Every structure is written in structure tokens, then in C-alpha cells.
Amino acid sequence: ETGVTQTPRHLVMGMTNKKSLKCEQHLGHNAMYWYKQSAKKPLELMFVYNFKEQTENNSVPSRFSPECPNSSHLFLHLHTLQPEDSALYLCASSQIQDSYNEQFFGPGTRLTVL
Amino acid sequence: AQSVTQLGSHVSVSEGALVLLRCNYSSSVPPYLFWYVQYPNQGLQLLLKYTSAATLVKGINGFEAEFKKSETSFHLTKPSAHMSDAAEYFCAVSDRGDEKLTFGTGTRLTIIP
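Here's what I pulled together on the structure shown here. Just so we're clear, the structure is a prediction, and the values are computed from it rather than from any experiment.

When helices and strands are tallied, chain A shows 0 helices and 11 strands. Moving toward the C terminus, one meets the helices and strands of chain A in the order β-β-β-β-β-β-β-β-β-β-β. The globule rule puts the C-alpha radius of gyration for 114 residues at 13 Å, and the 13 Å found for chain A is close to it. If one aligns the C-alpha atoms of chain A with their principal axes, the spans along those axes are about 40 × 30 × 30 Å. When each of the 114 residues of chain A is scored for burial, the buried share is 48%. Pairs at least 24 apart in sequence give 54% of the contacts found in chain A among residues at least 6 apart. A total accessible area of about 5,400 Å² is found for chain A, and carbon and sulfur atoms account for 49% of it. Separation of charge centres in chain A, based on 10 positive and 10 negative side chains, amounts to 10 Å.

Structure (C-alpha cells):
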């Protein structure tokens, strides 16, 4: 595997389900990100992990719970979601020590909440 | 705080014609600027980036962008559109040393045969 991978690619869940999204980066980067991409809206940054420490939580509801066990893996745990949470969830990684922050994106997980 | 405005949520050009996608930014410090492309059912791929070297930046697939400080713009161009250029394009800005990117709302490019 190369780059940034995300699983599953598609997920349909009910409002009472609990599921997790997984992201893995194979680039040796030290920062990882979760974004939400909804139709007709800018990409919304949800969480940032820098050297495994959460450095940003962009007012995300508690029904989204991130986990970063090491610098290569990032999870997004989902529970009691709402239909408006249906979106494409993108993971990205970058090397913070670079003078600029070039982020590399995974293919995304298309989430549908029924 | 920085922000990005992309004028035109949809742009259509004929195959072989000039592509021009507009991006204006605001930033309190000299910015880094990026253009990303997203093909259907895929993540974002970096097209090019401005990091304070040359103001005319060349990217992949024949795209280029010019940083104009006086106009606070970073428009994306390609001299001759190809059918494979049909995608959504995002402009993004970050302040130097900031781990966060701020994205525009995107421009969907359609190529007319």
C-alpha cells in the first residue's frame, strides 16, 4: 500500500449503530487530519493530530470520536449519528516539519446515515 | 485568519479552450497557496503549490497558477482543456507554520466535447 488509505470506502448505518472509520498513511508523516465534505459546502476540518496529540477539535459534536494510536493510524468512531452527518469523510496526512503544509489525502469514506 | 474565495462554482469550457479557475485569498501573513483536484469518488490530489519562490507555479497535467500579491489572487490556468480535466478543483491557503489548510468551496469544471 502506498499513500493514504481509508476503509471502508462506503458505509451505510442507522442512527443507533456504532461504527469506525480507519485511515492509514504510508508516508512517514507526523500529522493526520479528518475532514468532512458535504455537498455545496467547503471542506470542514474536524480534527488534527500532530505527533499523535490532538491539536484541533473544530467544534465537532461528541458523536464523532477520533483516536490516533500511532502516527500512521487514525480512526473516527461514530455513534448515534444523524442523517445530516451523511457526507464524504476524508483523511489526510502531512509532515509538519516542512516549511509548508502539503497534505496528502485518502480516497474517502462515503457515509450514509439512515 | 485566512480565507479563500473561488468565483464560479461551475465552469464549462470547450475541449482545447483555455481553462481559467479563479481564486482569491485573504491572509494576515504571507501565505502558502495550493490547488487540489478531486476526480469523482476519489480524494484530493495536489496540482500545484506556491511557497514564496517563483510567482508563476507549474503543476501536473499542464496546469499553472500565478501568485499576484497586489490582487490577492492565485488563479489556475491551462492553455488547452482536455476531457480528462473534468473534475472539481479546490483552492486552499495556509499561514506559514500553520498545520491547517483553509479550503474554498470548489469549482466544478466541465469539458464540452
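What follows deals with the packing of aromatic side chains. The tally for this structure, following the rule as stated, stands at 12 aromatic pairs over all chains. Ring centres of F105(A) and Y36(B) lie 5.5 Å apart, and the angle between their planes is 80°; this geometry places the pair in the edge-to-face category. Of the two residues, F105(A) sits in strand 10 (residues 104-105) while Y36(B) sits in strand 5 (residues 31-38), which places them in two different chains. Exposure class is identical for F105(A) and Y36(B). Each is buried. Through pairs of rings, three or more aromatic residues link up here, namely Y33(A), Y35(A), F105(A), F34(B), Y36(B) and F103(B).

A separate point is the side chain of T107(B). Residues and elements named next belong to chain B. Note on placement: T107 falls in strand 12 (residues 107-112). Judged by its relative accessible area of 1%, T107 falls in the buried class. Only 3.3 Å separates the side chain of T107 from the side chain of Q6, close enough to count as a polar contact.

Moving on to the interface of chain A and chain B. Interface size is commonly expressed as the accessible area that is lost once the parts come together. With 22 residues of chain A at the interface, the matching set in chain B holds 20 residues. Of the roughly 1,700 Å² buried at the junction of chain A and chain B (both faces included), carbon and sulfur atoms supply 56%. For the pair chain A and chain B, the number of links is 1 salt bridge. Summed over the shared surface of chain A and chain B, the number is 4 residue pairs in polar contact (both at pLDDT 80 or more). Looking at the side of chain A that touches chain B, the elements with two or more residues in it are strand 4 (31-37), strand 5 (44-50), strand 6 (53-57) and strand 9 (87-94) of chain A. Its residues assigned to classes, the side of chain A that touches chain B shows 12 nonpolar, 7 polar and 3 charged.

Criteria and thresholds
- Residues numbered from 1 in each chain as written.
- Chains lettered and ligands numbered in written order.
- Predicted model: local features only at pLDDT ≥ 70, side-chain atom pairs only at ≥ 80, totals over all residues.
- Heavy atoms only, no water.
- Helix = DSSP H or I, 4+ residues; strand = E, 2+ residues; numbered from the N terminus.
- Rg over C-alpha atoms; globule rule 2.2 N^0.38 Å.
- Buried < 20%, exposed > 50% of the residue type's maximum accessible area, 1.4 Å probe, protein only.
- Contact = heavy atoms within 4.5 Å.
- Areas by Shrake-Rupley, 256 points an atom, 1.4 Å probe, with all protein chains shown as cover.
- Lys, Arg positive; Asp, Glu negative; His and termini not counted.
- Charge placed at Lys NZ, Arg CZ, Asp CG, Glu CD.
- Phe/Tyr/Trp six-rings, centres within 6.5 Å; stacked < 30°, edge-to-face > 60°.
- Polar contact = N/O pair within 3.5 Å; in protein donor to acceptor, adjacent residues only side chain to side chain.
- Buried area = accessible area lost by both parts, 1.4 Å probe.
- Salt bridge = Lys/Arg side-chain N within 4 Å of Asp/Glu carboxyl O.
- Nonpolar A, V, L, I, M, F, W, Y, C, P; charged D, E, K, R; others polar.

Purely spatial values, then, with no claim about function.
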